[in-house]
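Architecture at a glance
Okay, here's what each chain looks like letter by letter:
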Amino acid sequence: MTAFHLPLPQSPEYARACDAIGRPIRLCKREAHGEVRLLWQIQSRKFGPLGRVDMVSRGPVAATPDDRASWLDRWQHWHDGRPLILNADGMGAVDLRRAGFWPLMTPASLAILPLGTREQMRAAIKQKWRNRLNKAETASLKVTRHALDARHWILGAEIAQSRKRGYRGLPPAFSAAYSKVNPGQALVFEARHNGKPVAAALVLRHGSMATWQIGSSTPAGRQLNAMNLVLWRMMNWLSDQGHDMLDLGLLNRDDAPGLAHFKLGTGAYIHQLGGTWLHQGALAPLARHLPMRLAA
């Protein structure tokens, strides 16, 4: 990701929403050649025996390899010394290990969808996905777009869905706050059939990028391939508004192969993150000498 495509956790819109729900974010900036650049947004939470820990998700924000090298060389000058958990994006294991970071989790992968003209996007869609979209377009579905309301059914559906599938995402209160403090930037695309909602998706807009935050479909919606149409309409609208990239979120082929297949069927490419790392004073010297087969 570049500085021009700020991932959601490093965007100012995300910071405003976190402030609104009582989880304030600190900013770390660097001035170079008369220009002030954002390097990371930091959250702090209590984390078991480590006490209060700083966390950086999808960072640092670095436009060039030189920016990333500078961050690794100097980040402790801007930091207060408490343990830091870094969900790295755009940084390699070798560089992180040399900087004293200890590996916690292997890299996750995201589905990133480039947006363009309707012709370009339709041509990039996989054949089976396109066939389902074609069926949905003839299924008497009505798709609407509106700002997220805190009472919208998709938030309750997400709570039930996360409990059933055993995953944990941002709380619905975050999405509601995002909509409130970033007017027009949290939008629900909803499909109805015979007047009843059958599928909906929430997208969060941030700069030239947007993030698919929540998606939910009823059994009737799945039978009608409603989510294909919902996402297609979302892609078109976002492109018309000047967005050129849609983050479809994590790919989990082991626990949710169907969802991963759905995301990649859009023409999205796989973007691998840099893993999750811990920097803690006592572990740093050990991390620098950790065999690469353990740090990779």
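The structure under discussion appears in the preceding block.
Scope of this entry: the structure provided in the associated data block. Keep in mind that what you see is a predicted model, and the values were worked out from it rather than measured. (Residues numbered from 1 in each chain as written. Predicted model: local features only at pLDDT ≥ 70, side-chain atom pairs only at ≥ 80, totals over all residues. Heavy atoms only, no water.)

Some points on the packing of aromatic side chains
Selection criterion: Think of it this way: a Phe, Tyr or Trp ring, Trp meaning its six-membered ring, pairs with another when their centres are within 6.5 Å, and the plane angle makes it stacked under 30 degrees, edge-to-face over 60, tilted otherwise. Helix and strand labels come from DSSP, where a helix needs a run of H or I of at least four residues and a strand needs a run of E of at least two; each type is numbered from the N terminus. Relative accessibility thresholds used throughout: buried, under 20% of the residue-type maximum; exposed, over 50%; partly exposed, between the two (1.4 Å probe, protein chains only).
Here the structure, examined in full by the defined rule, presents four aromatic pairs. Seen from their ring centres, W129 and F262 are 5.5 Å apart, and the 40° between their planes marks the pair as tilted. You can see W129 sitting in helix α5 (residues 127–137) and its partner F262 sitting in helix α10 (residues 257–264), a full 133 residues away along the chain. By the burial criterion, W129 is buried, and F262 matches it. Ring centres of F189 and W237 lie 6.2 Å apart, and the angle between their planes is 65°; on these two criteria the pair is classed as edge-to-face.

A word on the environment of A124
Cut-off, in case you're wondering: A contact between two residues is defined here by any heavy atoms of the two lying within 4.5 Å.
Mapping A124 onto the fold places it in helix α4 (residues 118–124). Accessibility expressed as a relative area gives 38% for A124, which makes it partly exposed. Once the C-alpha coordinates of A124 and P114 are considered, the two residues, ten residues apart in sequence, prove to be 9.5 Å apart. Residues within four places of A124 in sequence aside, it is in contact with T266 and G267.

Remarks on the nonpolar core
The following threshold applies: Among buried residues, those of type Ala, Val, Leu, Ile, Met, Phe, Trp, Tyr and Cys that are joined through side-chain atoms within 4.5 Å constitute a nonpolar core.
Grouped together as the largest cluster of nonpolar side chains are 37 residues, with contacts concentrated most on L231, M234 and L246. The element contributing the most residues to this core is helix α9 (residues 226–240), with ten residues. Once you skip the residues sitting within four places of it in the chain, M234 turns out to touch F189, A201, V203, W212 and L246. With 17 residues, the next largest nonpolar core counts L148, A186, L202 and L204 among its residues.

Things to note about the sheet that holds strand β6 (residues 109–114)
Stated precisely, the cut-off is as follows: We treat two strands as partners when DSSP finds at least two bridges between them. With axes taken as lines fitted to C-alpha atoms, and helix axes fitted only over the stretch in contact, angles between N-to-C directions fall between 0 and 180 degrees.
Strand order in the open sheet made by the seven strands is β7-β8-β9-β10-β11-β6-β12, with mixed pairing throughout. Because the sheet does not close on itself, it has two edges, and the strands there are β7 (141–147) and β12 (269–272). Averaged over neighbouring strand pairs, the angle between their axes works out to 30° when direction is ignored. One ladder, built from three bridges, connects strand β10 (residues 209–217) with strand β11 (residues 245–250); its direction is parallel. Counted as the bridge partner of A210 is L246 from β11. Of the strands in this sheet, β6, β7, β8 (186–193), β9 (196–206), β10 and β11 touch α9, which is tilted by about 30° from β9.

Details of empty space enclosed by the protein
Counted only if it meets this: Each cavity reported here is a set of points on a 1 Å grid over the protein atoms alone in which a 1.4 Å probe fits but cannot get out, each pocket an open set with protein on both sides within 12 Å along at least five of seven lines, and each lining residue one with an atom within 4 Å of a point. Grid points are joined across faces, edges and corners, and a volume is the space filled by probe spheres set on the points. The nonpolar class holds Ala, Val, Leu, Ile, Met, Phe, Trp, Tyr, Cys and Pro. Asp, Glu, Lys and Arg form the charged class, and all remaining residues, Gly among them, are polar.
Under the definition given, this model contains two cavities of 30 Å³ or more. As a volume, the second largest cavity reaches approximately 30 Å³. Per-class residue counts for the lining of the second largest cavity are four nonpolar, no polar and one charged.

Let's talk about the environment of I25
By secondary structure assignment, the location of I25 is in the loop between α1 (12–20) and β1 (26–32). Given a relative accessible area of 13%, I25 falls into the buried group. In this structure the C-alpha to C-alpha distance between I25 and P12, which are 13 residues apart in sequence, comes to 9.8 Å. Residues within four places of I25 in sequence aside, it is in contact with Y14, A15, C18, D19, Q41, I42 and Q43.

Here's the deal with the side chain of T276
Structurally, the position occupied by T276 is in strand β13 (residues 276–279). We classify T276 as buried; its relative accessible area is 15%. If we ignore the near neighbours within four places in the chain, the residues touching T276 are I85, L86, N87, W102, P103, L104 and M105.

Structural notes on the packing of α5 against α9
To keep things clear, this is the line we draw: Throughout, the term roughly parallel applies to angles under 35 degrees, roughly antiparallel to angles over 145, roughly perpendicular to angles from 65 to 115, and oblique to all others.
Orientation of α5 relative to α9, taken along the N-to-C sense of each, is 95°, at an axis distance of 8 Å. Taken together, the axis directions place α5 and α9 in an arrangement best described as roughly perpendicular. Each of W129, R132, L133, A136 and E137 in α5 lies in contact with α9, whose residues at this interface are N228, L229, L231 and W232. Looking at the contact of α5 with α9, its residues break down into six nonpolar, one polar and two charged.

Details of the side chain of N182
For clarity, the cut-off: In protein, a polar contact requires one atom able to donate a hydrogen and another able to accept it; more generally it is a pair of N or O atoms within 3.5 Å, and residues adjacent in sequence count only if both atoms are side-chain atoms.
Mapped onto the secondary structure, N182 falls in the loop between α7 (172–181) and β8. For N182, a relative accessible area of 2% corresponds to the buried category. At 2.8 Å, the side chain of N182 and the side chain of R16 are in polar contact. Look past the residues within four positions of N182 in its chain and what remains in contact with it is E13 and R16.

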